[in-house]
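What the coordinates show
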Amino acid sequence: MVKNDLAGIVGKENVRDDPAALEEYSGGQAGSIPAAVARPANTEEVQRIVQWANESRTPLIPVSSGPPHFRGGTTPSVEGAVIVDLRRMDKVIRIDPGNRVAIVEPGVTFAQLQSELAAHGMAAYTPLLPRSTKSVLAAALERDPILMPSVHFDSTDPMLCTEIVFGTGDKMRTGEAAGPDSLEQQWELGKATISPFGPTQMDPQRLVSGAQGTIGIVTWMSLKCREMSELYRAFLIPSDDLEPLIELSYHLSRIRFTGKIFMVNGLNLAALTQRDAQQTAAARDGLPSWVMFAGFEGCGLLPEEKVQYLVDDLKDLAASYGLQPQTGLAGVEAEGLYRLLMQPSPDPYWKLRPTGGFRDVFFLTTQGKTPEFAAVMAELAGKLGFPRENIGAYIQPVVQGTSCHCEFNLYHDPADGAASELTRRLETAAVDRLEAAGAFFSRPYPGWVDVAYRRSPDTKAMQKKVKDIFDPHWILNPGKLCFATGEKRGN
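We now turn to the structure provided with this report. (Residues numbered from 1 in each chain as written. Predicted model: local features only at pLDDT ≥ 70, side-chain atom pairs only at ≥ 80, totals over all residues. Heavy atoms only, no water.)

Considering unusual backbone geometry
Stated precisely, the cut-off is as follows: Per the convention used, a helix needs a DSSP run of H or I reaching at least four residues, while a strand needs a run of E reaching at least two, with both numbered from the N terminus.
The amide bond that connects Asp157 to the next residue, Pro158, takes the cis arrangement and shows omega of 10 degrees. One can find Pro158 in the loop between helix H5 (136-141) and strand E8 (159-166). The amide bond that connects Asp347 to the next residue, Pro348, takes the cis arrangement and shows omega of 0 degrees. Tracing the chain through its elements places Pro348 in the loop between helix H12 (334-340) and strand E16 (357-365).

Structural notes on the packing of helix H1 (residues 2-10) against helix H3 (residues 43-56)
Rules: For helices, the fitted line uses only the C-alpha atoms of the stretch in contact; every axis is such a line through C-alpha atoms, and the angle between N-to-C directions lies from 0 to 180 degrees. The labels follow the angle: roughly parallel below 35 degrees, roughly antiparallel above 145, roughly perpendicular from 65 to 115, and oblique for the rest. Definitions for this section: a left-handed crossing has its near helix turned counterclockwise from the far helix by less than a right angle. A right-handed crossing has that turn clockwise. Throughout, a residue-residue contact means that at least one pair of heavy atoms, one from each residue, lies within 4.5 Å.
The N-to-C vectors of H1 and H3 enclose an angle of 150 degrees; their axes lie 9 Å apart at closest approach. Between H1 and H3, the angle is such that the two are roughly antiparallel. Handedness of the H1/H3 crossing: right-handed. Residues Val2, Asp5, Leu6, Gly8, Ile9 and Val10 of H1 pack against Glu45, Arg48, Ile49 and Trp52 of H3.

Side note on the sheet that holds strand E11 (residues 232-239)
What links the strands of a sheet is backbone hydrogen bonding, and the strands pair in either a parallel or an antiparallel sense. What counts, and what does not: One bridge is not enough; two strands pair if DSSP finds at least two bridges between them.
If you trace the six strands from one edge of the open sheet to the other, you get E11-E13-E12-E17-E18-E16, paired in antiparallel fashion. Both outer strands of the open sheet, E11 and E16, are each paired with one neighbouring strand and no more. Here the average twist between neighbouring strands, direction ignored, is 20 degrees. By the bridge criterion, two bridges tie strand E12 (residues 260-265) to strand E17 (residues 391-398) in an arrangement that is antiparallel. Note on E17: the bridge partner recorded for Val264 is Tyr394. Packed on one face of the sheet, helix H11 (residues 303-320) meets E11 and strand E13 (290-297) and runs near 160 degrees to E13. Strand contacts of helix H14 (residues 417-436): E16, E17 and strand E18 (403-412), with the helix running at about 5 degrees to E16, the strand carrying the most contacts.

Regarding the side chain of Lys351
The condition that has to hold: N or O atoms within 3.5 Å of each other form a polar contact, as long as, within protein, one can give a hydrogen and the other can take it, and as long as residues adjacent in sequence are counted only when both atoms are side-chain atoms.
Tracing the backbone shows Lys351 in the loop between H12 and E16. A distance of 2.8 Å separates a polar atom in the side chain of Lys351 from a polar atom in the side chain of Asp360. One polar contact links Lys351 to Glu407, side chain to side chain, over a distance of 2.7 Å. Residues within four places of Lys351 in sequence aside, it is in contact with Gly357, Phe358, Asp360, Glu407, Asn409 and Tyr411.

Some details on the sheet that holds strand E2 (residues 36-38)
Sheet architecture is open: four strands sit in the order E1-E2-E4-E3, paired in mixed fashion. Each edge of the open sheet is held by one strand with a lone partner, namely strand E1 (15-16) and strand E3 (60-63). Two elements, E1 and E2, share two bridges in a ladder whose sense is antiparallel. Across the sheet, residue Arg16 finds its bridge partner in E2, namely Val37. Each of E2, E3 and strand E4 (82-85) is contacted by H3, which is oriented at about 160 degrees to E3, the strand it contacts most.

Focus on the packing of helix H9 (residues 266-273) against helix H10 (residues 277-286)
At a minimum axis distance of 8 Å, the contact between H9 and H10 shows a crossing angle of 140 degrees. In terms of orientation, H9 lies oblique with respect to H10. In terms of crossing hand, the pair formed by H9 and H10 is right-handed. Contact residues: Gly266, Leu267, Ala270 and Ala271 in H9; Thr280, Ala283 and Arg284 in H10.

Section: the packing of aromatic side chains
Basically, it comes down to this: Aromatic contacts are taken between Phe, Tyr and Trp rings whose centres are within 6.5 Å, Trp giving its six-membered ring; a plane angle under 30 degrees counts as stacked, one over 60 as edge-to-face, and the others as tilted. Residue exposure (1.4 Å probe, protein chains only): buried if accessible area is under 20% of the type maximum, exposed if over 50%, otherwise partly exposed. For a lysine, the NZ atom is tested; for an arginine, the CZ atom; a charge sits over a ring if that atom is within 6 Å of the ring centre and within 35 degrees of the ring normal.
Scanning the entire structure with this criterion turns up 19 aromatic pairs. With centroids separated by 4.6 Å and ring planes inclined at 40 degrees, the aromatic side chains of Phe166 and Phe470 adopt a geometry described as tilted. In this pair, Phe166 sits in strand E8 while Phe470 sits in helix H16 (residues 457-470), placing the two residues 304 residues apart along the sequence. Accessibility classification places Phe166 together with Phe470 in one group, the buried group. Seen from their ring centres, Phe363 and Phe441 are 5.5 Å apart, and the 50 degrees between their planes marks the pair as tilted. Of the two residues, Phe363 sits in strand E16 while Phe441 sits in the loop between H14 and helix H15 (449-453), which places them 78 residues apart along the sequence. By the burial criterion, Phe363 is buried, and Phe441 matches it. Lys467 extends its terminal NZ or CZ atom over the ring of Phe483, reaching a point 5.0 Å from the ring centre.

Comments concerning the pairing of E4
What you see with E4 is no split at all: Val82 and Val84 on one side and Ile83 and Asp85 on the other are buried throughout. For E2 and E4, the ladder comprises three bridges, and the chain directions are parallel. Paired with Val37 across the strands is Ile83, a residue of E4. Inspection of the sheet shows E3 paired to E4 by four bridges, in the parallel sense. Among the inter-strand pairings, Pro62 is bridged to a residue of E4, identified as Val84.

Regarding a negative patch on the surface
What counts is decided by this rule: Exposure above 30% relative accessible area and the lack of any salt bridge qualify a residue for a patch; like charges then connect within 9 Å, and the nonpolar side chains Val, Leu, Ile, Met, Phe, Trp and Tyr within 5 Å. Only the protein chains shown count as cover for residues, with accessible areas throughout obtained via the Shrake-Rupley method and a probe of 1.4 Å. Any Lys or Arg side-chain nitrogen found within 4 Å of a carboxyl oxygen on Asp or Glu counts as a salt bridge. By the counting rule applied here, Lys and Arg register as positive and Asp and Glu as negative, while His and the ends of each chain are not counted. Charge coordinates come from a single atom per side chain, which is NZ of Lys, CZ of Arg, CG of Asp or CD of Glu.
A surface patch of negative charge is lined by Asp240, Asp241, Glu243 and Glu247. Tracing the backbone shows Asp240 in the loop between E11 and helix H8 (243-254). Given the relative accessible area of 62%, Asp240 is considered exposed.

Topic: H1
Test applied: Regarding the arc, it is the one traced by the directions from the helix axis to the C-beta atoms.
Restricting attention to buried positions, one finds in H1 the residues Leu6, Ile9 and Val10. One face of H1 carries all of its buried residues, which in axial projection span an arc of 75 degrees. Looking at H1, the residues exposed on the side facing more than 90 degrees away from the buried face are Asn4 and Gly8. In the core, the buried residues of H1 are packed alongside E1, E2, H3 and E4. Once H1 finishes, Gly11 follows within two positions and takes phi at roughly 95 degrees, a positive value.

Written as structure tokens, this is what we have:
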């Protein structure tokens, strides 16, 4: 019955319910196999699926990225769910070089967008080596941090305007795109789909930011883009201690130092630049404990002069903290890494290279607290017997350096049951201890929810009210965030 209903909306060829297709979305978890997968081609088909789901009380799980999926946000939490796979909607709708804006559908990947932007002399704001199947739209919705903190003005950047199909089945365009005119008519009037504010006094795109598909399904999004230059320089700044790099990062943020800035430990630098476990292990052993990456381009007027003063400033500032920028470390070339960062991760995905599997623990904090959190992770690993050399670290300044994305990667062999269980135990203990020490889990994926909300009963109550308004039957991704399964379904 479900398959026939969906076939009437998206076509028989775009509905799958065979075991091989369903297993892709289960996350390998018992009881999480969906009932079917539907692949709509446009917003109208998405609306019809949502309207049908409301009538039949069928849970829907929106998915934009291809496999593998790691965080659990798109794994069904209830039986009988239908996956709404948006990868057929894979058009770059518009590129506006004058305003540096691109409009993309959910199925557009970073490789596709970067290729089309390059033809216009532009590039996307990217996270740290996203996997090749990652949706650009999903990365922005999930607030995956971009690498350029000086132009990161808001937690939702680079997301601008959106088109949302809410859980009611109603469609809304947000920001500058709101209004009765079509996008094409708006472009004729000179609108650029660039202002995210509104309509009126609300910013509804914030309702879906970080919501894991529980409030609405975004069918297109406009994104900030940037100029691209063939003239660039990059440096690796090593340190045995994290504190001097943090102080340098703060200083660079204060002076609005342009370019890509982030910090990783030796293991993650090796994983980013090598291709397999053996190469990663060998490179890790020759790298320092911590490394800052700083890279920048020469765009606009006098690009050569701009690059040169940035090089001189970086060297002078680094020296004031006892640091020395280098063009390479233990065979890792800084400019080679810069080129690598312009595209998604080559396969295998960089987090799979050290041991074949991983679990991430990430949160928001201030840069000055990251050494404390790194010490907590080391202490917990020691107590539980987890190999400290298998813990990766990534610190990304965000919102002009006022805060940062702090991430620890727990690498393990997924074929080793004991190692996988130990990793799960470390993740659980770490989330609890880190939150108690001040970590803010702004994106609580499955397994972190109770800890993330334990100090925020008012936030939980408010989010449930929002859910009741925009998804009154709780059909969208039930069981995620604070929307416990069974609370609303069937009412």
